[in-house]
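Single-letter residue listing:
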Amino acid sequence: MNKWIRWQGLITFAVVFGGFAALMLLVVDGCVERTVEKTGTWMAGARVDLRSADVNLFPLGITLKGLEVTDKEEPMTNAVEISRMAFSLDGLNLFRRKVIIEEMAVEGVRFGTPRKTSGAVAKEPKKKKEAAEDSLFALPSIEMPDMKKVLQEEEIRSLAEIEALKADIRKAKEEWKKRTDELPDKASAEEYRKRIKDIRKDKGRGIKDIQAQLKEAKAVKEAIDRDLKKIREARQAFSNDMTSLRRRVDAAEKAPMEDVRRIRDKYGVSPQGLQNMTQLLFGGQISGWVGKGVYWYGRLKPVLERSKQQKGGVQVVKPARGAGVDVRFREYQPLPNFLIKKVNASIQPTAGTFTGTIRNITPDQDVLKAPTTFVFSGSDMQDVGAVTFDGVFDHVDPARSDDRMNLRVQEYRVKGLALSKSSDLPVTLEQGVMDLTMNGSYRQNRINATLTARVSSAQIAAGTGGSSNRFAQAVSSTLAKVSAFTLTADVQGTPDDYKVRISSDLDRVLKDAAGAVVKEHTDKLEQKLKAAVYDKVGGPLKELKDSFGGLGGIGDRLNSKEGQFSDVSKEAGQSGGSGSGRIKLPF
Amino acid sequence: MIESIAKLIKVLNSESEPGQISLAVGFSMVAGFLPFFSPATIVIFLIVFLLRVNLTAFFLGTALFSGIAYLLDPLFHPVGLAILSAGALQDLWTSLYNMTIWRLQKFNNSIVMGGFAVSLLLFVPLVLLLNWLIRRYRDTVLAWIRKTKLAQMVKASRIYGIYNTLSGGEV
């Protein structure tokens, strides 16, 4: 027996593992601290710092102090700072790799506190969408543009049209001149007259003579009528061409004004642009707030739902790190892998204290069969009447997740709230009383939220940034007179592509104020553009008209030819024979 | 690396029973294929410390098989998943899943289960094969080396005598 058993090995084993356990106890606080910082940094995308972590074994619990989560967008600011978090753990379930926290106390939560050092973890290129949001507001220019420059940069389409028409008229003129020349002329008419005279002079009295005269008279008459028909057809074609060209000349005369209007619309301020001034003014700032909300929601998502899939007919869960998959089996008493049953939080914004409860924080709601809920309220707060903020993150059925939240703030005495940070037109709500409601939902990858702010006793300061822009001045002075307004923001779309539509009763007031300035500017711009454009197209347009007028000569020639041949035709008709083509016989 | 090979040669050439060495290597394979911080590993350490197996061979083997385990993860995963998904074993796994100690062992992880199954499957064949190989080595290679003139000269030297006295064994 002793050949195979080494009893002293037991002592060695006890010393090795006992020592290891003691060592673990010594370093566990540091391990927890580093784990919180590392995992938090991974989740927040910015540095997470923890001043200290204290692990108690009996009863098993952890106290975290001085937790700071950096705002990813502003690395010198903490998005959240928590002075103390304390919770006890279910030790037995911890051995089953289940972190079950019955109750957690979160104290001294503050937002937007300054940092001593930067909390940036990596420089990420700004997303295109954010860049677009930054440049959302652009003050309409009321400056009169330099006409020389404008006409250098802009294509005068009417000029090209006039030149093309001039060329067409020139071509038509040449063609018609040639065609008119080819038509029977005065000499031909005289020839016919001579032939008619000759028939009349013929003194033959025999039957045969008369027959010959009749035949000759008929031939002459037919030849005259053929020529007359040719002339009449040409005249008709010419008339058609003239009608078509006249229409084009009329259009060419109007074309410069179309150029004027097109360039005016490009360089001027469109009255349609004034339809939603609040979107223009406050869109950038409000989109920024919405963007932050969507960003933090995205960061929280892994806490609400873990990715699960079916493999080989069993449900598997991919661990956050490491390889392989964890297969889940039916639990006699199902419990999520991570669960905080209740969090009692005390948030300390500058306005006062805001307390609330969050229940059932778990990424395995389908196991717990209960959604995450939260209710926060603040009362007797400085500068705020009453605040309630509640919501449900329902991922019990991950395929039909349904997240909702509602915020209601009453009688919030606002001070110095920046509504627009545009350098051209900064707008600040210096003071006012605001009632704010927000209802939002996220279902089937679609955000649907409405935020309504009713502000009374408002004092708005709208600067012009030292700009002499009359539009900015008009908007600024109008806003200064506003004492109450309602602002509504509708957010719709997916988290990657959402639209923020802002509307307000300020739209009408601002439109009236800015509309007069815009109209005056537009009229002036149109006058200047008209003068500049006509200066360029005036000459070619006159040449075009002259050229078109020159076609009239061809028309006169055709008329003259028609008149001559009509006369000859009449003479031939009076000369004898029967029917319309008679030539009068000499007997 | 050279130090490890030297240690291995020393173990092979020692007077330890071949069974003590091969069993140590067998246990090291199980320990190497399982996660280091798990109840099963602690049990294996207890067995290894308690049984008179060669500890040097065990530690060398554990280091070697831990490295091999990383390479074999793609094999362990499908094997483990197939075992954990086997319909006939569902009741067993379900009952184990509800026991704290087994959850701590993380038996429901496909790689842990795959590694454990493969190591159990290979344990007996490996021990028997190593037993035979060690005996063959000692009967042929080691016996031939000991008969060489160089070995005879070294063994006859005074320095070797002192070393032998201090180390307490024959190389």
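Quick caveat, the model's predicted, so the values are computed rather than measured.

A. Seen up close, the overall build of chain B. Scanning chain B for helices and strands turns up nine helices and zero strands. Across the 171 residues of chain B, 30% fall into the buried class. The long-range share in chain B, meaning contacts at least 24 apart out of those at least 6 apart in sequence, stands at 83%.

B. Spatial organisation of the overall build of chain A. If you tally the helices and strands in chain A, you get eleven helices and 16 strands. Out of the 587 residues in chain A, the part that is buried amounts to 26%. Here the contacts in chain A between residues at least 6 apart in sequence split such that 67% fall between residues at least 24 apart.

C. Here's a closer look at the environment of R193 of chain A. Relative to the elements of secondary structure, R193 of chain A occurs in helix α6 (residues 186–201). R193 of chain A sits 378 residues away from E571 of chain A along the chain, and the two C-alpha atoms are 8.0 Å apart.

D. Quick peek at the interface of chain A and chain B. Residue-level contacts link 26 residues of chain A with 24 residues of chain B. Put simply, the parts of the chain that give the side of chain A that touches chain B at least two residues each are α1 (8–44), α2 (91–95) and β7 (326–327) of chain A. Among the elements that line the side of chain A that touches chain B, the one with the most residues is α1 of chain A, at five residues. Classifying every residue of the side of chain A that touches chain B by side-chain character gives 13 nonpolar, five polar and eight charged.

E. Molecular detail of the confidence of the model for chain A. Residue and element names in this part refer to chain A. On average, residues of chain A carry a pLDDT of 81, and 87% of them reach 70 or more. Taken element by element, chain A is modelled with least confidence in helix α3 (residues 128–134), mean pLDDT 44, and with most confidence in helix α5 (residues 157–182), mean pLDDT 91. Between residues 128–136, whose pLDDT stays under 50, and residues either more than four places distant or in other chains, the model counts ten contacts. Between residues 576–581, whose pLDDT stays under 50, and residues either more than four places distant or in other chains, the model counts 17 contacts.

F. Just the pairing of strand β16 (residues 498–504) of chain A, in detail. Residue and element names in this part refer to chain A. Here strand β15 (residues 485–493) pairs with β16 via seven bridges, running antiparallel. Across the sheet, Q492 pairs through a bridge with K499, a residue of β16. Linkage of β15 to β16, two consecutive antiparallel strands, is achieved through a turn of four residues.

G. Representation of α1 of chain A within the structure. All names here are of chain A. The first and last C-alpha atoms of α1 sit 51 Å apart over 37 residues, in line with the 54 Å expected at 1.5 Å per residue. If you look at α1, its biggest bend is around 50°, right at V27. The buried fraction of α1 amounts to zero of the 37 residues, a small share that puts the element mostly on the outside. Where α1 ends, the next residue or the one after it, G45, has phi of about 75°, a positive value.

H. Region of the structure containing helix α11 (residues 506–573) of chain A. Relative to the 100 Å expected for 68 residues at 1.5 Å per residue, α11 of chain A spans just 86 Å between its end C-alpha atoms, considerably shorter than the ideal helical length. At V537 of chain A, α11 of chain A shows its largest bend, some 45°, and a proline, P540 of chain A, comes one to four positions later.

I. Geometry of the confidence of the model for chain B. Model confidence for chain B is summarised by a mean pLDDT of 84, while 85% of its residues fall at 70 or above. For this predicted complex, the interface confidence reaches an ipTM of 0.74, while the overall pTM sits at 0.54.

J. Seen up close, unusual backbone geometry. Residue and element names in this part refer to chain A. Residue N360 is not a glycine yet carries a positive backbone phi of 60°. Residue S457 is not a glycine yet carries a positive backbone phi of 50°. Take S457: it is sitting in strand β14 (residues 446–462).

K. Quick peek at the pairing of strand β12 (residues 402–420) of chain A. In the sheet, strand β11 (residues 384–394) of chain A pairs with β12 of chain A via nine bridges, with the strands oriented antiparallel. Residue pairing in the sheet places T388 of chain A in a bridge with R408 of chain A of β12 of chain A.

L. Inspection of the packing of α6 of chain A against helix α7 (residues 207–267) of chain A at higher detail. Residue and element names in this part refer to chain A. Taken N-terminus to C-terminus, the directions of α6 and α7 make an angle of 165°; their axes are 10 Å apart at the nearest point. Taken together, the axis directions place α6 and α7 in an arrangement best described as roughly antiparallel. Considering only the axes of α6 and α7, their crossing is left-handed. Only Q213, E216, A217, V220, I224 and D227 of α7 make contact with α6, whose side of the interface consists of S188, Y192, R195, I196 and I199.

M. Examining the nonpolar core more closely. Within the largest apolar cluster, 40 residues are counted, with the highest numbers of intra-cluster contacts made by V427, F471, V475, A489 and A514 of chain A. Those residues within four positions of V475 of chain A in sequence are excluded, and the remaining contacts are L425, A462, L510, A513 and A514 of chain A. V25, I44, M113 and I134 of chain B belong to the second-largest nonpolar core, a separate cluster that totals 34 residues.

N. Broad picture of the packing of α5 of chain A against α7 of chain A. All names here are of chain A. Taken N-terminus to C-terminus, the directions of α5 and α7 make an angle of 165°; their axes are 9 Å apart at the nearest point. The angle between the axes of α5 and α7 places the two elements in the roughly antiparallel class. Relative to α7, α5 is oriented so that their crossing is left-handed. Listed contacts from α7 to R157, S158, E161, I162, L165, I169, A172, W176 and R179 of α5 are A234, F238, D241, L245, R248, V249, A252, A255, P256, E258 and D259. Of the residues in the contact of α5 with α7, the class split is twelve nonpolar, one polar and seven charged.

Conventions we followed
- Residues numbered from 1 in each chain as written.
- Chains lettered and ligands numbered in written order.
- Predicted model: local features only at pLDDT ≥ 70, side-chain atom pairs only at ≥ 80, totals over all residues.
- Helix = DSSP H or I, 4+ residues; strand = E, 2+ residues; numbered from the N terminus.
- Buried ≥ 20, exposed ≤ 12 C-beta atoms within 10 Å, placed from the backbone.
- Contact = placed C-beta atoms within 7 Å.
- Nonpolar A, V, L, I, M, F, W, Y, C, P; charged D, E, K, R; others polar.
- pLDDT = per-residue confidence, 0-100.
- Pairing = 2+ DSSP bridges.
- Expected span 1.5 Å × (residues − 1).
- Bend = angle between axes of the 7 residues up to and from the residue.
- Axes fitted to C-alpha atoms, helices over the stretch in contact; angles between N-to-C directions.
- Parallel < 35°, antiparallel > 145°, perpendicular 65-115°, else oblique.
- Left-handed = near helix turned anticlockwise from the far one by under 90°.
- Core = buried A, V, L, I, M, F, W, Y, C linked by C-beta atoms within 7 Å.

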